[in-house]
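Below, each chain spelled out in residue letters.
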Amino acid sequence: MGSPFLATSSARAWLPLIPILGSLALAHFLSLGQSPLWRMLLLSTVLMLGMKLWIYQSWSRSSGRHLPGFNRICFTFLWVGMDPESWRRRHSHLTWKRDAIDASACLIAGTSGLILLRKFGVSHVIPLFLVTSLAFHFGALGLLRAYWRRRGIATKCLFRNPLRSRSLADFWSRRWNLAYSQMISRLVDRPLKGTVKPPTRLILAFLISGLIHEVAITLPIQSHYGLPSLFFLIQGCLVLVFEKLKLPTELERPLALTSLIAGLPLLFPQPFVDQVIVAPLTQ
């Protein structure tokens, strides 16, 4: 058993969750009757800002450091990453042009794909997710990263060649949306380390990721609750199974990719796709 001090420290580390949940509840009730797209944007923004403040406080408390006022504002409101350390000082001669070119190509390709899918009336989640992700995750966010690097801020790439993942664990921890990985590591893994065994911490991290996605996906449409959480629970279990089996990369890579693609309808229920992605494209 862990010491009472560790248990108390873990509980104290989660206290900032109370105002975040309160803000989400207020945003939810104030936006009832609005379009699912607007609710998704509002709830996601409130959640991200709350998590940003939580991350910053945790980082500042553990490191004894603070960001300059302007840098703190930009980190909080104008960047999606969760690493305050990158914003502590400006650097010279950071590379950014290659990032800007690649991101522009992704943005153009993804937007073109959305236009084609709209033209042919495609509403299936898999092709829609692929082109939307190409435009937003690799395009728009890539351009934002290039901009900040040009300004001397060493922002890190949040989506690092996911198709080159060697395993499912590699995909989730080092390739896909590193902002989530950074956030979960600081807010879940570190407080529970020493009191909860690693497999349990991993499953808990995936479940919390599922709950976060519930806020952005099922809460805006007010239906199909639990499906995103189920998706992440399955992914967490698969990570443990694959690590236990010690599968070769040549076998685990296609299995991981298949599990991710096959699970997209769970992560993004069809009503969300229709109301949040397809509806704006057809207006």
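The rules we used
Residues numbered from 1 in each chain as written. Predicted model: local features only at pLDDT ≥ 70, side-chain atom pairs only at ≥ 80, totals over all residues. Heavy atoms only, no water. Axes fitted to C-alpha atoms, helices over the stretch in contact; angles between N-to-C directions. Helix = DSSP H or I, 4+ residues; strand = E, 2+ residues; numbered from the N terminus. Parallel < 35°, antiparallel > 145°, perpendicular 65-115°, else oblique. Contact = heavy atoms within 4.5 Å. Nonpolar A, V, L, I, M, F, W, Y, C, P; charged D, E, K, R; others polar. Patch = residues over 30% accessible without salt bridge, like charges linked within 9 Å, V, L, I, M, F, W, Y side chains within 5 Å. Areas by Shrake-Rupley, 256 points an atom, 1.4 Å probe, with all protein chains shown as cover. Salt bridge = Lys/Arg side-chain N within 4 Å of Asp/Glu carboxyl O. Lys, Arg positive; Asp, Glu negative; His and termini not counted. Charge placed at Lys NZ, Arg CZ, Asp CG, Glu CD. pLDDT = per-residue confidence, 0-100. Core = buried A, V, L, I, M, F, W, Y, C linked by side-chain atoms within 4.5 Å. Buried < 20%, exposed > 50% of the residue type's maximum accessible area, 1.4 Å probe, protein only. Phe/Tyr/Trp six-rings, centres within 6.5 Å; stacked < 30°, edge-to-face > 60°.

Student: With reference to specific residues and values, describe the packing of helix α11 (residues 227-245) against helix α12 (residues 249-262).
Tutor: Between α11 and α12, the least distance of the axes is 11 Å, while the angle of their chain directions is 170 degrees. Put simply, α11 runs roughly antiparallel to α12. Taking contact as the criterion, the partners of Phe231, Gln235, Leu238 and Phe242 in α11 are, on α12, Glu252, Leu255, Ala256, Ser259 and Leu260. The residue makeup of the contact of α11 with α12, split by class, is six nonpolar, two polar and one charged.

Student: Describe the environment of glutamine 275, and please don't skip the residues or the numbers.
Tutor: Note on placement: glutamine 275 falls in helix α14 (residues 270-282). With 215 residues separating them in the primary sequence, glutamine 275 and serine 60 have C-alpha atoms 40 Å apart. Sequence-distant contacts of glutamine 275, defined by excluding residues within four places in its chain, comprise Pro36, Ile221 and Pro280.

Student: A description of a nonpolar patch on the surface should follow, citing residues and the corresponding values.
Tutor: A surface patch of nonpolar side chains, about 270 Å² in accessible area, is lined by Leu207, Leu230, Leu233 and Ile234. A total of three residues in the nonpolar patch trace back to one element, the largest contributor, which is α11. Within the element layout of this structure, leucine 230 appears in helix α11.

Student: Now, about the pattern of salt bridges: what can you tell me, with residues and values included?
Tutor: Under the definition given, this model contains eight salt bridges. For the salt bridge of arginine 98 with aspartate 102, the shortest nitrogen-to-oxygen distance reads 2.9 Å. Taken together, the positions of arginine 98 and aspartate 102, both in helix α5 (residues 97-119) and four residues apart, correspond to about one turn of that helix. When salt bridges with common partners are traced through the structure, they connect Arg65, Glu85 and Arg88 into a single cluster.

Student: Please set out a positive patch on the surface residue by residue, giving values where relevant.
Tutor: Among the surface-exposed residues, Arg90, Lys97, Arg150 and Arg151 lie close enough to one another that they form a single positively charged patch. If you trace the backbone, arginine 90 turns up in the loop between α4 (69-77) and α5.

Student: Residue-level account of the confidence of the model for the chain, with values.
Tutor: Looking at the chain as a whole, its pLDDT mean stands at 91, while 95% of the residues score no less than 70. Here residues 1-8 scores under 50 on pLDDT; set against residues more than four positions off or in separate chains, the count is five contacts.

Student: A description of the environment of proline 269 should follow, citing residues and the corresponding values.
Tutor: Turning to its location among the elements, proline 269 is positioned in the loop between α13 (264-267) and α14. Other than its neighbours up to four places away in sequence, proline 269 contacts Ile217, Thr218, His224 and Leu227.

Student: Explain the nonpolar core to me, and be specific about the residues and the numbers.
Tutor: Within the largest apolar cluster, 63 residues are counted, with the highest numbers of intra-cluster contacts made by Met51, Trp87, Trp172, Phe268 and Phe272. Considering every element that reaches this core, the biggest residue donor is helix α3 (residues 36-63), with eight residues. When sequence neighbours within four positions are dropped, the list of residues in contact with tryptophan 172 reads Ser181, Phe206, Phe231, Phe232, Gln235, Val239 and Leu260.

Student: Describe the packing of aromatic side chains, naming the residues involved and giving the relevant values.
Tutor: By convention here, two paired aromatic rings are described through the distance between centres and the angle between planes. One pass over the full model with this rule turns up 16 aromatic pairs. A centroid spacing of 5.5 Å and a plane angle of 35 degrees characterise the contact between phenylalanine 129 and phenylalanine 268, whose relative ring orientation is tilted. Of this pair, phenylalanine 129 sits in helix α6 (residues 125-150) while phenylalanine 268 sits in the loop between α13 and α14, placing them 139 residues apart in sequence. According to the relative accessible area criterion, phenylalanine 129 is buried, its value standing at 18%. Since its relative accessible area comes to 14%, phenylalanine 268 is described here as buried. Plain terms: the ring middles of phenylalanine 171 and tryptophan 172 are 5.0 Å apart, the flat faces sit at 85 degrees to each other, and that makes the pair edge-to-face. The residues phenylalanine 171 and tryptophan 172 share a single accessibility class, namely buried. These aromatic residues form a ring-pair network of at least three members: Phe129, Phe138, Phe159, Phe171, Trp172, Trp176, Phe206, Phe231, Phe232, Phe268 and Phe272.

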